[in-house]
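The residues making up each chain are set out below.
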Amino acid sequence: MRLPPLQALRAFDAAARHLNFTRAAEELFVTQGAVSQQIRQLEEYLGFRLFFRLPRRLQLTDEGERLARATSEGFTRIAGEIESLLAVEEAGVVTVSVLQSFAVKWLIPRLGHFRTEHPDIDVRIHADDRLVDFRTEGIDLAVRFGRGHYPNLHTERLMRDEVFPVCSPDYLANSPTLHVPQDIAGHQLLHDATSDPSLPRAADWQFWLDGVGVTGIDLRRGLRFNSGDMVIQAALMGQGIGVARTSLAAQDLKAGLLVRPFPQKVVSSYAYYVTCPEENLNRPRVMAFIRWLKKEVEATLKDIEENQPGLSAGQKLVPGVISQD
């Protein structure tokens, strides 16, 4: 047997609890006549009476009492399940796809802040350089480094990077000849040699040297890695000089674990973007993570600015243009 219309069952449930069509109508924000009509249609559908219409009150029939117990239990259970589902949606898990280097050097060190603000939301990090299929892989949002061209997806720019050489303090102390960019000749160079040709090459030695106008440096020698975080790790270990992006080196620079041997830096023509399907923005946990990302980026940029004493107030950095502290 097909179930009666849900609207009629809701009208009956309210009338059975109040034993009054007027009060049921007030609860449902409809007219008393609409409730009376819904009850009449439900009785015709079922083939038996649900109420005795007495002069000043309603009284449930035996059939009406049985149906009232069923609708009360049913609607209470539905309401409870919806409340539970909403709680899971608001808390639950947010799955984020990020580049490995960004996860290791920027995101993971800051995740404790998110946990403090949102203890009911668990975060799952998928470190992957490839483009993902959000719907089939269960990814809520992604952070990517590029030009921001991600068709059919909601995309917001998080931050743009600056590029500059870094090394450990000990390496610099033992290399007194490092005064100008040309001095890197003969030093052990650490290269970010990403194996995926589709990814932007915006943090390698050639990009930085072109930006500062230096030529004639042999870049064929040195250690090569396929991830920016490995370049930074090698620099931390004193194995040479690497080119790093601000986003990946900021914390190590602030802690004094890395230093910049030269003041020159070049603004990357690429940036970090957060991207996801438009419908994912309706999920509270996704929006909570995006808002948190933006706040952490603001803190990062503020920290970078405070550690750039030579950058005049209001000065703008142009992509691909050299800047000095």
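All figures in this text were calculated on a predicted structure; none of them were measured in a lab.

### A closer look at the overall build of the protein chain
Right, so step 1: Of the regular secondary structure elements, the protein chain holds 11 helices and 11 strands.
Right, so step 2: Here the protein chain holds 325 residues, and 44% of them are scored as buried.
Right, so step 3: The long-range fraction of contacts in the protein chain, counting pairs at least 24 apart against all pairs at least 6 apart in sequence, stands at 77%.
Right, so step 4: Surface summary for the protein chain: the accessible area is close to 17800 Å², and the carbon and sulfur share equals 51%.

### Details of the pairing of strand β6 (residues 154-166)
Right, so step 1: Pairing between β6 and strand β10 (residues 265-276): eight bridges, direction antiparallel. Residue pairing in the sheet places E156 in a bridge with V274 of β10.
Right, so step 2: Across four bridges, β6 lies against strand β9 (residues 241-245) in antiparallel orientation. Across the sheet, the residue bridging to F164 is A244, located in β9.

### Some thoughts on the packing of aromatic side chains
Right, so step 1: Inspection of the entire model under this criterion finds 12 aromatic pairs.
Right, so step 2: Relative to Y272, the ring of F102 has its centre 4.5 Å away and its plane inclined at 40 degrees; by these criteria the two rings are tilted. Separated by 170 residues along the polypeptide, F102 in helix α5 (residues 100-117) and Y272 in strand β10 bring together distant segments of the chain. For the residue pair F102 and Y272, the accessibility class agrees, reading buried in each case.
Right, so step 3: On the numbers, 6.2 Å between centres and 50 degrees between planes, the contact of F145 with Y270 is tilted. A residue pair is termed long-range when its members are at least 10 positions apart, and F145 in strand β5 (residues 141-146) and Y270 in strand β10 qualify at 125 residues.
Right, so step 4: Overall, Y270 belongs to the buried group, its relative accessible area being 18%.
Right, so step 5: Here the aromatic cluster, defined as three or more aromatic residues joined through ring pairs, consists of F102, W106, F145, Y270 and Y272.
Right, so step 6: The positively charged end of R245 is found above the aromatic ring belonging to F145, 4.1 Å away from the centroid.

### Observations regarding the side chain of R144
Right, so step 1: Looking at the element boundaries, R144 is found in strand β5.
Right, so step 2: On the basis of relative accessible area, R144 is assigned to the buried category, the value being 5%.
Right, so step 3: One polar contact links R144 to S97, side chain to side chain, over a distance of 2.7 Å.
Right, so step 4: Excluding residues within four positions of it along the chain, R144 makes contact with S97, V98, L99, D128, D129, R130, V132, Y150, A271, Y272 and Y273.

### Some details on the pattern of salt bridges
Right, so step 1: For the structure shown, the criterion picks out 13 salt bridges.
Right, so step 2: Between R17 and D13 there is a salt bridge; the shortest N-O distance is 3.2 Å. Pair noted here: R17 and D13 are both in helix α1 (residues 6-18), with a separation of four residues, about one helical turn.
Right, so step 3: Accessibility expressed as a relative area gives 44% for R17, which makes it partly exposed.
Right, so step 4: Assessed through its relative accessible area of 4%, D13 is described here as buried.

### What to know about the pairing of strand β7 (residues 189-192)
Right, so step 1: Of the two faces of β7, both are covered, the one formed by L189 and H191 as well as the one formed by L190 and D192.
Right, so step 2: Bridging between β7 and β9 involves two bridges; their strand directions are parallel. Its bridge partner being in β9, L190 is matched across the sheet by G242.
Right, so step 3: Where β7 lies against strand β8 (residues 223-225), three bridges are found, and the strand directions are parallel. Its bridge partner lying in β8, H191 is registered against R224.

### Considerations on the packing of α1 against helix α3 (residues 32-46)
Right, so step 1: Running from N to C, α1 and α3 cross one another at 110 degrees; their axes reach a closest spacing of 9 Å. Overall, the two elements α1 and α3 adopt an arrangement that is roughly perpendicular. Of the two possible hands of crossing, α1 and α3 adopt the one that is left-handed. Each of Q7, A8, L9, A11, F12 and A15 in α1 lies in contact with α3, whose residues at this interface are V35, Q38, I39 and L42.
Right, so step 2: Each residue belonging to the contact of α1 with α3 can be placed in one class, and the counts come to eight nonpolar, two polar and no charged.

Calculation notes
Residues numbered from 1 in each chain as written. Predicted model: local features only at pLDDT ≥ 70, side-chain atom pairs only at ≥ 80, totals over all residues. Heavy atoms only, no water. Helix = DSSP H or I, 4+ residues; strand = E, 2+ residues; numbered from the N terminus. Buried < 20%, exposed > 50% of the residue type's maximum accessible area, 1.4 Å probe, protein only. Contact = heavy atoms within 4.5 Å. Areas by Shrake-Rupley, 256 points an atom, 1.4 Å probe, with all protein chains shown as cover. Pairing = 2+ DSSP bridges. Phe/Tyr/Trp six-rings, centres within 6.5 Å; stacked < 30°, edge-to-face > 60°. Lys NZ or Arg CZ within 6 Å of the ring centre and 35° of its normal. Polar contact = N/O pair within 3.5 Å; in protein donor to acceptor, adjacent residues only side chain to side chain. Salt bridge = Lys/Arg side-chain N within 4 Å of Asp/Glu carboxyl O. Axes fitted to C-alpha atoms, helices over the stretch in contact; angles between N-to-C directions. Parallel < 35°, antiparallel > 145°, perpendicular 65-115°, else oblique. Left-handed = near helix turned anticlockwise from the far one by under 90°. Nonpolar A, V, L, I, M, F, W, Y, C, P; charged D, E, K, R; others polar.

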